[in-house]
Amino acid sequence: MERTFAIIKPDAVERNLIGKILERIESNGFKIAAMKRTHLSTTQAQGFYHVHKERPFFNSLTEFMCSGPVVLLVLEKEDAVSAWRGLMGATNPEEADAGTIRKDFALNIEKNSTHGSDSAENAAFEISYFFSQTEILS
């Protein structure tokens with residue numbers, strides 16, 4: 001069993017898509033091991049996305065992630081990282097496959113409804129960034 005980290009982003013929360021996204025997660029065999037709704041501070045968003053600090057989209061990304069509530073998730077499944085990335089679809093919803101979350105719900109490349117870890121190593125960092133071990137129930 002592998003764990004990955006997911007965020008339901010502010011655009012999806014604002015449009016009341018939490019339930020629809022959670023249904024996709026569960027119907028695709030993921031177990032939700034932890035979940036919480038929060039409003040990220042600028043410091044939290046900048047720390048979380050620190051790997052993108054030198055990229056031109058860093059400021060707009062962190063501002064967007066602080067623009068409204070998000071839902072943070074720890075998901076479990078065999079091959080969870082790749083399975084979640086497949087279910088989300090491409091970062092750019094115009095390039096995402098039909099039936100993926102981003103194809104169905106994203107507004108654009110920035111407001112693309114979900115985030116997912118890109119590796120097991122990053123999943124471990126991202127999970128520990130927002131969750132203590134006592135909050136994760138396997």
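Scroll up to find the structure this text is about.
Residues numbered from 1 in each chain as written. Predicted model: local features only at pLDDT ≥ 70, side-chain atom pairs only at ≥ 80, totals over all residues. Heavy atoms only, no water.

Q: Explain the overall build of the protein to me, and be specific about the residues and the numbers.
A: A tally of regular secondary structure across the protein gives seven helices and four strands. Relative to the globule expectation of 14 Å for 138 residues, the C-alpha radius of gyration of the protein, 14 Å, shows essentially globular dimensions. Taking the principal axes of the C-alpha coordinates as reference, the protein spans close to 35 × 35 × 25 Å. Here the protein holds 138 residues, and 46% of them are scored as buried. Summarising the internal contacts of the protein: among those between residues at least 6 apart in sequence, 77% fall at separations of at least 24. Summed over all atoms, the accessible surface of the protein reaches about 7,100 Å², with 49% contributed by carbon and sulfur. (Helix = DSSP H or I, 4+ residues; strand = E, 2+ residues; numbered from the N terminus. Rg over C-alpha atoms; globule rule 2.2 N^0.38 Å. Buried < 20%, exposed > 50% of the residue type's maximum accessible area, 1.4 Å probe, protein only. Contact = heavy atoms within 4.5 Å. Areas by Shrake-Rupley, 256 points an atom, 1.4 Å probe, with all protein chains shown as cover.)

Q: How would you explain helix 2 (residues 18-27) if you had to name every residue and give the values?
A: Turning to helix 2, its buried residues number three or more, namely Ile18, Ile21, Leu22, Arg24 and Ile25. Along the long axis of helix 2, the arc covered by the buried residues comes to 155 degrees, so they all point the same way. Away from its buried face, by an angle of more than 90 degrees, helix 2 presents the exposed residues Lys20 and Glu26. Residue Gly29 follows helix 2 closely and has a positive phi angle near 85 degrees. (Arc of directions from axis to C-beta.)

Q: How would you explain the side chain of Thr114 if you had to name every residue and give the values?
A: With respect to the secondary-structure elements, Thr114 resides in strand 4 (residues 114-116). Judged by its relative accessible area of 0%, Thr114 falls in the buried class. Other than its neighbours up to four places away in sequence, Thr114 contacts Ile7, Lys9, Ile21, Trp84, Met88, Ile101 and Arg102.

Q: Pulling in residues and values, what's your account of the sheet that holds strand 1 (residues 2-8)?
A: Across the sheet, four strands lie side by side as 2-3-1-4; this open sheet has antiparallel pairing. Each edge of the open sheet carries a strand with a single partner, namely strand 2 (31-38) and strand 4. Ignoring strand direction, the axes of neighbouring strands in this sheet form an average angle of 20 degrees. With seven bridges connecting them, strand 1 and strand 3 (residues 70-77) associate as antiparallel partners. Considered in strand 3, the bridge of Ile8 is made with Val71. Contacts from helix 5 (residues 80-88) reach strand 1, strand 3 and strand 4, with the element oriented near 30 degrees to strand 1. Packing against the sheet, helix 7 (residues 120-130) makes contact with strand 1, strand 2, strand 3 and strand 4, and its axis sits at approximately 60 degrees to strand 1. (Pairing = 2+ DSSP bridges. Axes fitted to C-alpha atoms, helices over the stretch in contact; angles between N-to-C directions.)

Q: Which residues make up the pattern of salt bridges, and what are the values?
A: For the structure shown, the criterion picks out four salt bridges. Asp104 is the salt-bridge partner of Arg24, the closest N and O atoms lying 2.6 Å from each other. With Arg24 in helix 2 and Asp104 in helix 6 (residues 101-105), this pair connects stretches of sequence that are 80 residues apart. Exposure remark for Arg24: the relative accessible area of 19% places this residue in the buried category. (Salt bridge = Lys/Arg side-chain N within 4 Å of Asp/Glu carboxyl O.)

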